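Residue-level listing of the chains:
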Amino acid sequence: MRIIPRQVETFWTLFTGPIVWALHFLLCYVGAAIFCAKPDMFGVSFEAVRMAIAGITVVALAAIAFSAFLAWRQWGFGSDDPPHDDPTRRDRILFQGFATLLLSGLSFIAVIYVALPVLFVSECLR
Amino acid sequence: MRPRQKLSAFGTLMRRFSPILTLPIVGCAGIQSTLEPAGEEARLVAILLWVMTGAGAVIWLGVVALLLYATGRRRKVHGERESARLILWGGAVFPAVALVLLLAYALWLMPGLRPFVQPADDAMRIEVTGKQFWWDVIYHLPEGGSVASANEIRLPVGERVELELKSSDVIHSFWIPALGGKMDMIPGRTNRLSLLAIKPGIFRAPCAEYCGTSHALMAFSAVAMEPDGFRQWLTERTQPSATVAEAGSALFLRHGCGACHTVAGTGAAGKVGPDLSHVGSRETIGAGILANTEENIARFIAEPDRIKPNSHMPPFDMLPEDDIRAIAAWLKGLQ
């Protein structure tokens, strides 16, 4: 069994980063909102919520970094410079790899921005 | 000659438009300004505004400088690698880092802007209920008991005050620009806000959420006082006004004012309209819209519907004018 999946040619890998960001966003915001509305339901402190958010943030960043690595590989590790706009299969793959890499970078930063508040906010609003 | 002509054209333009340009700045001074903070929360927000404005201005100048450079006539051609590096650092890394720093600064302020700690048991609570189109204010004293007031909130300088914000009809929003806020007042819900005044003064606080026809005529005055003066003021308010037994009280009761208004020390105990026990000492009449004078009180009794369209108080212009004057004089005397 291989650890790094073999290269696939599909449009869907393009969205890995944004989808991880969206899931992370929902988990953080919905989770914190439910916890603060019904703190008794969980039986844990806000500190635990912060740690959980830190945990899923690390997982999300790792997933995005991995998707970025796959995209980098698809881009041929930067062997050719953009724009990849020739009507060839090779350019199509390189273009998609490069676009995925950029989207992964954007998602990586966005995940950090989403998680940043719990670094400073240590309690639910009364 | 040409540059000079250009300059004078610019000068004419400035002279013609400077009154318009300075208008918004004039609006920033005075009793209803976030830029002249007198409260800890407002001070933090004002600093945040200047930091964000300053950082935004620096970035804008940088971008404009790059733009001018790029459109300049004597263009030096840069290599592809060099350009790619500029795009990476200037277009991706710098914005990401600058935004992290500004965001982190704003987030760092948040706990201070909305203090999360439970109020101390001996802290005074002020319950404020938004109503169309006035503010019901109750001071819950730490030693028990309460003082009712309306359309004016007094706070001690240097002491954190807990506000309980409610509404009995529609959504209003509580905001004292010079001190802090804003926080919505939502029917069926109690929102909490705590404020710390750092400078004494009298400030205007408008309703900050559209609440009906007279929304723009709904305000209150916030008075930050030295703690000793505040305590004395509050203690005095636990007793009926000294002049409450004077002649006007009989007229006030006979004409039915007590059905809606409370005046401590008389039989008037209505809860529909503002408590008038010490109305004469308030800054304004009609929730922040008229100076507190006998004439204005008389005017408000006679035609509240014209001063404040859609307010729930019916006009009493059918009363004899002498009676209106006597009631107004008595109310103004309730210090």
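Scroll up to find the structure this text is about.
All values derive from a computational prediction rather than experimental measurement.

Parameters and conventions
Residues numbered from 1 in each chain as written. Chains lettered and ligands numbered in written order. Predicted model: local features only at pLDDT ≥ 70, side-chain atom pairs only at ≥ 80, totals over all residues. Helix = DSSP H or I, 4+ residues; strand = E, 2+ residues; numbered from the N terminus. Buried ≥ 20, exposed ≤ 12 C-beta atoms within 10 Å, placed from the backbone. Contact = placed C-beta atoms within 7 Å. Nonpolar A, V, L, I, M, F, W, Y, C, P; charged D, E, K, R; others polar. Core = buried A, V, L, I, M, F, W, Y, C linked by C-beta atoms within 7 Å. Pairing = 2+ DSSP bridges. Axes fitted to C-alpha atoms, helices over the stretch in contact; angles between N-to-C directions. Parallel < 35°, antiparallel > 145°, perpendicular 65-115°, else oblique. Left-handed = near helix turned anticlockwise from the far one by under 90°. Expected span 1.5 Å × (residues − 1). Bend = angle between axes of the 7 residues up to and from the residue.

Draft legend 1. How the structure looks around the overall build of chain B. Tallying secondary structure elements over chain B gives eight helices and twelve strands in all. Across the 335 residues that make up chain B, the buried fraction comes to 30%. Summarising the internal contacts of chain B: among those between residues at least 6 apart in sequence, 62% fall at separations of at least 24.

Draft legend 2. Fine view of the interface of chain A and chain B. Contact residues are listed per partner, giving ten residues for chain A and eleven residues for chain B. Secondary structure elements with two or more residues in the side of chain A that touches chain B: α4 (89–115) and α5 (117–120) of chain A. Residues belonging to the side of chain A that touches chain B are distributed by class as follows: seven nonpolar, one polar and two charged.

Draft legend 3. Main features of the nonpolar core. Residues and elements named next belong to chain B. Formed by 36 residues in total, the largest nonpolar core has its most connected members in V128, L179, L195, M218 and A222. Counting only elements with at least two residues in this core, the list comes to β1 (125–131), β2 (134–140), β4 (152–156), β5 (160–167), β6 (172–176), β8 (191–196), β9 (201–206) and β10 (219–225). The element contributing the most residues to this core is β10, with four residues.

Draft legend 4. Highlighting the environment of L103 of chain A. Tracing the chain through its elements places L103 of chain A in helix α4. Each C-alpha atom, one on L103 of chain A and one on W21 of chain A, is 11 Å from the other, the two residues being 82 residues apart in sequence.

Draft legend 5. Quick peek at the sheet that holds β9 of chain B. All names here are of chain B. Overall, mixed pairing links the three strands, which are arranged β4-β10-β9 in an open sheet. With one partner strand each, in any of the chains shown, β4 and β9 form the two edges of the open sheet. Taking each pair of neighbouring strands and ignoring which way they run, the sheet shows an average axis angle of 25°. The pairing of β4 with β10 spans five bridges and is classified as parallel. What sits directly across from I153, in β10, is A222. Of the strands in this sheet, β4 and β10 touch helix α4 (residues 227–237), which is tilted by about 135° from β4.

Draft legend 6. Representation of the packing of helix α3 (residues 46–74) of chain A against α4 of chain A in the model. Residue and element names in this part refer to chain A. Remark: α3 packs on α4, axes separated minimally by 8 Å, with the N-to-C direction vectors making an angle of 165°. Between α3 and α4, the angle is such that the two are roughly antiparallel. Between α3 and α4 the crossing geometry is left-handed. Contacts between α3 and α4 pair I53, T57, A60, L61, I64, A65, S67, A68, A71, W72 and Q74 from the former with I93, Q96, G97, T100, L101, S104, G105, S107, F108, V111 and A115 from the latter. Class assignment of the residues belonging to the contact of α3 with α4 gives a composition of 13 nonpolar, nine polar and no charged.

Draft legend 7. Expanded view of the sheet that holds β5 of chain B. Residues and elements named next belong to chain B. If you walk across this open sheet you meet the five strands as β3-β2-β1-β5-β8, and the pairing is mixed. Both edges of this open sheet fall to β3 (146–150) and β8, since each of them pairs with a single strand only. On average, each strand axis in the sheet is inclined to that of its neighbour by 25°, with strand direction left out of account.

Draft legend 8. Quick peek at the pairing of β4 of chain B. Within β4 of chain B, five of the five residues are buried, leaving the element largely enclosed by the surrounding structure. Burial along β4 of chain B is two-sided: the face carrying E152, R154 and P156 of chain B and the face carrying I153 and L155 of chain B are both buried.

Draft legend 9. Highlighting helix α3 (residues 80–113) of chain B. With 34 residues, α3 of chain B ought to run about 50 Å at 1.5 Å a step, and its terminal C-alpha atoms sit 48 Å apart, in line with that. Approximately 35° is the largest bend angle found in α3 of chain B, and it occurs at F94 of chain B, with the proline P95 of chain B only one to four residues beyond.

Draft legend 10. Quick peek at unusual backbone geometry. All names here are of chain B. In this model, Q132 is joined to F133 through a cis peptide bond whose omega is 0°. The residue after G181, namely K182, is reached through a cis peptide bond having omega 5°. The phi torsion at A287 lies on the positive side, around 60°, for a residue other than glycine. Residue placement: A287 occurs in the loop between β11 (284–285) and β12 (290–291). On the basis of neighbour counts, which here come to 25 C-beta atoms within 10 Å, the residue A287 falls in the buried class.

Draft legend 11. Geometry of the pairing of β3 of chain B. Residue and element names in this part refer to chain B. Two elements, β2 and β3, share five bridges in a ladder whose sense is antiparallel. Counterpart to H140 in the pairing with β3 is S146. Here β2 folds back onto β3 in antiparallel fashion, the turn holding five residues, of which G144 has a positive phi close to 100°.

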